[in-house]
Amino acid sequence: MKVGSIVAQTRDLVDLSGQSPPPEILGIVIEIHDWKTKEDDYPDEVSDFQKRWLEKLGRRIDVLWSSGKMTKSFAEASLRVIV
């Protein structure tokens, strides 16, 4: 994923069983925020549990959706690259 990629939201992180999926809305990646600079570079106060979740969620992604709404700090793992 890179700035300018066309993305759609996935439902991979949270299972919302019993609910119909929302219509797919496309967005464009505006900015990518790396929260660490190198492998295993975590702040001291981050627990092992939090580290595992941070690895699962991935980088923070700012997305401008086709509806005109901008979402900041979207979890990378919850986005699927279309183009």
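It should be noted that the structure appears before, not after, this text.
Note that the structure is predicted; figures quoted are calculated from it, not measured.

Draft legend 1. Representation of the environment of I25 within the structure. In this structure, I25 sits in the loop between strand 1 (6-9) and strand 2 (26-33). Taking the relative accessible area as the measure of exposure, I25 reaches 39% and is therefore partly exposed. Along the primary structure I25 and S66 are separated by 41 residues, whereas in three dimensions their C-alpha atoms are 6.6 Å apart. Each residue touching I25, except ones within four places of it in the same chain, is listed here: V7, A8, Q9, W65 and S66.

Draft legend 2. Main features of the packing of aromatic side chains. Inspection of the entire model under this criterion finds one aromatic pair. Note on W65 and F74: the rings are 5.7 Å apart at their centroids and 70° apart in plane angle, and the pair reads as edge-to-face. Positioned above the aromatic ring of W53, the side-chain terminus of K56 is 5.2 Å from the ring centre.

Draft legend 3. Structural view of the pairing of strand 4 (residues 70-75). In terms of strand pairing, strand 3 (residues 60-65) meets strand 4 through four bridges, oriented antiparallel. Counted as the bridge partner of R60 is A75 from strand 4. Between strand 3 and strand 4, which pair antiparallel and follow one another directly, the connecting turn spans four residues, one of which, G68, has a positive phi of 100°.

Draft legend 4. Representation of the sheet that holds strand 2 within the structure. The strand order across the open sheet formed by five strands is 4-3-2-1-5, and the pairing between neighbours is antiparallel. Each edge of the open sheet is held by one strand with a lone partner, namely strand 4 and strand 5 (79-81). Here the strands of the sheet are splayed against their neighbours by 45° on average, with no regard to which way each runs.

Draft legend 5. Highlighting a nonpolar patch on the surface. Where nonpolar side chains cluster on the molecular surface, the patch consists of I28, I30, L64 and M70 and spans about 290 Å² of accessible area. Here I30 is to be found in strand 2.

Draft legend 6. Local environment of the pattern of salt bridges. According to the stated counting rule, one finds two salt bridges in the structure shown. In this structure, the salt-bridge partner of D48 is K51, at a minimum N-O distance of 3.9 Å. Separated by three residues within a single helix, D48 and K51 lie in helix 1 (residues 48-57), roughly one turn from each other.

Conventions adopted
Residues numbered from 1 in each chain as written. Predicted model: local features only at pLDDT ≥ 70, side-chain atom pairs only at ≥ 80, totals over all residues. Heavy atoms only, no water. Helix = DSSP H or I, 4+ residues; strand = E, 2+ residues; numbered from the N terminus. Buried < 20%, exposed > 50% of the residue type's maximum accessible area, 1.4 Å probe, protein only. Contact = heavy atoms within 4.5 Å. Phe/Tyr/Trp six-rings, centres within 6.5 Å; stacked < 30°, edge-to-face > 60°. Lys NZ or Arg CZ within 6 Å of the ring centre and 35° of its normal. Pairing = 2+ DSSP bridges. Axes fitted to C-alpha atoms, helices over the stretch in contact; angles between N-to-C directions. Patch = residues over 30% accessible without salt bridge, like charges linked within 9 Å, V, L, I, M, F, W, Y side chains within 5 Å. Areas by Shrake-Rupley, 256 points an atom, 1.4 Å probe, with all protein chains shown as cover. Salt bridge = Lys/Arg side-chain N within 4 Å of Asp/Glu carboxyl O.

Taken by themselves, the reported measurements are silent on function.
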